[in-house]
Amino acid sequence: MKLTDTAVRNAKPKEKTYKLFDGAGVYLEVTPKGGKLWRLKYYYLGKEKRISLGPYPLVTLAQAREKRDAAKKDLLKNIDPSAAKQEHRQEIIRNAANTFEAIAHEWHKLKKDSGWSEAHAANVMRRLEMDVFPYIGKRPLSGIDAPEILGTLRKIETRGALEIAARIRGLCGQIFRYGIQTGRCANNPIPDLAGALKTKKTAHFAALDSKEIPELLHAIERNDQRLFGGTRRAILFNLLTFVRPGELRYAKWEEFNFNEKLWTIPAERMKMRRPHLVPLSKQAITLLEEQREEYKYLKTPWVFPSPIRPKDPMSDGAVLMALKRLGFKGRMTAHGFRALARTTIREKLDYDPDVIEAQLAHKAAGPLGEAYNRAQHLTKRKQMMQEWANYIDDQANRGKIIKGRFRREVS
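Keep in mind that what you see is a predicted model, and the values were worked out from it rather than measured.

Some details on the pairing of strand β6 (residues 262-265)
- Judged from the 2 bridges that link them, strand β5 (residues 256-257) and β6 form a sheet pairing that is antiparallel. Bridging from a neighbouring strand, Phe256 pairs with Trp263 of β6.
- Here β5 folds back onto β6, and the loop between the two strands holds 4 residues, one of which, Lys261, carries a positive phi near 55°.
- The sheet contact formed by β6 and strand β7 (residues 276-279) spans 4 bridges and is antiparallel. The partner of Trp263 across the bridge, within β7, is Val278.

Some words on the packing of aromatic side chains
- In this structure the tally under the stated criterion is 13 aromatic pairs.
- Note on Phe237 and Phe304: the rings are 5.8 Å apart at their centroids and 50° apart in plane angle, and the pair reads as tilted. Linking Phe237 in helix α10 (residues 229-241) with Phe304 in the loop between α12 (282-295) and α13 (318-328), this pair joins segments that are 67 residues apart in sequence. The pair Phe237 / Phe304 is uniform in exposure class, with both members buried.
- Pairwise contacts between aromatic rings join Phe237, Trp253, Phe256, Trp263 and Phe304 into one cluster.

Let's talk about the sheet that holds strand β2 (residues 26-30)
- An order of β1-β2-β3-β4 is seen for the 4 strands of this open sheet, with the pairing classed as antiparallel. The strands lining the two open edges of the sheet, one partner per strand, are β1 (18-23) and β4 (47-55). With direction set aside, neighbouring strand axes in the sheet form an average angle of 30°.
- As paired strands, strand β3 (residues 36-44) and β4 are joined by 8 bridges and run antiparallel to one another. Each bridged residue has a counterpart across the sheet, and for Lys41 the counterpart in β4 is Arg50.
- With respect to the sheet, helix α2 (residues 61-76) is in contact with β1, β2, β3 and β4, its orientation differing from that of β3 by roughly 20°.

Here's the deal with empty space enclosed by the protein
- If you walk through the whole model with that rule in mind, you get 2 cavities of 30 Å³ or more.
- The space that makes up the second largest cavity amounts to roughly 60 Å³.
- If you go around the second largest cavity, the residues you meet are Pro245, Leu248, Arg249, Met314, Ser315, Asp316, Ala318, Val319, Leu320 and Ala334.
- Among the elements of the structure, α11 (245-249) and α13 are those that each provide at least two residues to the lining of the second largest cavity.
- Residues of the lining of the second largest cavity, tallied by class, amount to 7 nonpolar, 1 polar and 2 charged.

Quick word on the confidence of the model for the chain
- Model confidence for the chain is summarised by a mean pLDDT of 86, while 89% of its residues fall at 70 or above.
- By mean pLDDT, helix α16 (residues 369-375) is the weakest element of the chain at 48, and β5 is the strongest at 96.
- With pLDDT under 50 throughout, residues 366-372 is counted as low confidence; its partners more than four residues away or in other chains account for 9 contacts.
- A low-confidence stretch, residues 399-411 stays under pLDDT 50, and its non-local contacts, those more than four residues away or across chains, total 37 contacts.

As for the packing of helix α14 (residues 336-349) against helix α17 (residues 378-396)
- At a closest axis distance of 11 Å, the pairing of α14 and α17 adopts a crossing angle of 90°. The angle between α14 and α17 places the two elements in the roughly perpendicular class. On the side of α14, the interface is formed by Ala341, Thr344, Ile345, Lys348 and Leu349, while α17 contributes Met384, Glu387, Trp388 and Tyr391.
- Each residue belonging to the contact of α14 with α17 can be placed in one class, and the counts come to 6 nonpolar, 1 polar and 2 charged.

Side note on α17
- The end-to-end C-alpha separation of α17 is 27 Å, in line with the 27 Å expected for 19 residues at 1.5 Å each.
- If you check which residues of α17 are buried, you get Arg381, Met384, Met385, Gln386, Trp388, Ala389, Asn390, Tyr391, Ile392, Asp393, Gln395 and Ala396.
- At its buried positions, α17 is contacted by α9 (213-222), α10, β7, α12, α14 and α15 (353-359).

Notes on the packing of α9 against α13
- At a closest axis distance of 10 Å, the pairing of α9 and α13 adopts a crossing angle of 100°. Put simply, α9 runs roughly perpendicular to α13. Seen from α9, the contacting residues are Glu215, Leu216, Ala219 and Ile220; seen from α13, they are Leu323, Leu326 and Phe328.
- Within the contact of α9 with α13, the residues separate by chemical class into 6 nonpolar, no polar and 1 charged.

Things to note about the pattern of salt bridges
- The final tally for this structure, using the stated rule, is 25 salt bridges.
- Between Arg50 and Glu48 there is a salt bridge, and its shortest N-O distance comes to 2.6 Å.
- Judged by its relative accessible area of 39%, Glu48 falls in the partly exposed class.

Examining the environment of Glu66
- Examined against the element boundaries, Glu66 turns out to sit in helix α2.
- Judged by its relative accessible area of 55%, Glu66 is exposed.
- Between the C-alpha atoms of Glu66 and Leu53, which are 13 residues apart in sequence, the distance is 9.7 Å.

Conventions adopted
Residues numbered from 1 in each chain as written. Predicted model: local features only at pLDDT ≥ 70, side-chain atom pairs only at ≥ 80, totals over all residues. Heavy atoms only, no water. Pairing = 2+ DSSP bridges. Helix = DSSP H or I, 4+ residues; strand = E, 2+ residues; numbered from the N terminus. Phe/Tyr/Trp six-rings, centres within 6.5 Å; stacked < 30°, edge-to-face > 60°. Buried < 20%, exposed > 50% of the residue type's maximum accessible area, 1.4 Å probe, protein only. Axes fitted to C-alpha atoms, helices over the stretch in contact; angles between N-to-C directions. Contact = heavy atoms within 4.5 Å. 1 Å grid on protein atoms, 1.4 Å probe; cavity = no way out; pocket = protein on both sides within 12 Å on 5 of 7 lines; lining within 4 Å. Points joined across faces, edges and corners; volume = space filled by probe spheres on them. Nonpolar A, V, L, I, M, F, W, Y, C, P; charged D, E, K, R; others polar. pLDDT = per-residue confidence, 0-100. Parallel < 35°, antiparallel > 145°, perpendicular 65-115°, else oblique. Expected span 1.5 Å × (residues − 1). Salt bridge = Lys/Arg side-chain N within 4 Å of Asp/Glu carboxyl O.

This is the structure we're talking about:
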């Protein structure tokens, strides 16, 4: 006769372990200490085998029968229920070790060891810790699907950080690819999210027109807002070199060769992942010498350190905020110096676009682009950068706007 719930509940311990049979291989094993454990006896490839179905009352009689039926279905498929149970257990263990967060840390270390800068590596990990790990970090990588990722990205999107959401999407894609390469997951759900996120309309960085350069120089020299000397020099140096804001901010003294009049920006700070050479005009050298003299007692590696914490570089918004304080809000940005130089050098100094693009560290177009980039037109760029600085001098001296700020130099 089959067991009943009452019979199972009322089964009392005896001196020795005994069994109460339910039929079809299922029985309840009762120990002398009162423990009750469901077991299933079955035959696989002619051999008698047993598996545990769980303890009573955590597993009820009805649930024990359901587990028996599932095991019987496995047997019909020529699957050993014991082996299937062990595989399931191993999968749980693997999933516990192969969470999104664990694999993300592994991927991050690989990238950092492969050449990421400390600043970039810290920024990537901070984004993951803030916007991803709290939601899917503990989930097994192999169990995360596109809707779950989208839900995480939507949280970033709702606060208006559309660009960050797009970057996080890209980071997640790299982590999933690494998971596939290392055998921790089979699919990358990120491509399925194409078009699912809001996109921000392209906004060009505000930049002055060449005829407005004297106004900017006048404002810097007048300095009604009493900017720090280092901040003023950062603006002028940005104008003379028109590098990207991050390249300026993280400039270190060790990167400058004053004899060769050359600044070598390391590959890890460049979008194109190769060193970039910036020829320095005599005016730029003068600014650097003034900066080094003022900050020589601070023992800082940064050319433009934070005025509050000299061991750190200036903040990423220092130049932009200074321009706003000088009255150029909405008219000029730190990145705008690149557009200003690009247009003015082409129109006023008549340099070939390829030379200008090389100085901007842009990838050259066409099939010969890479060969051209290796050549870099350094001689022409040295001449161009000096002529650009002289042009700035001419603008500064119009109407004696800046007296003695730059010395007129002839290349």
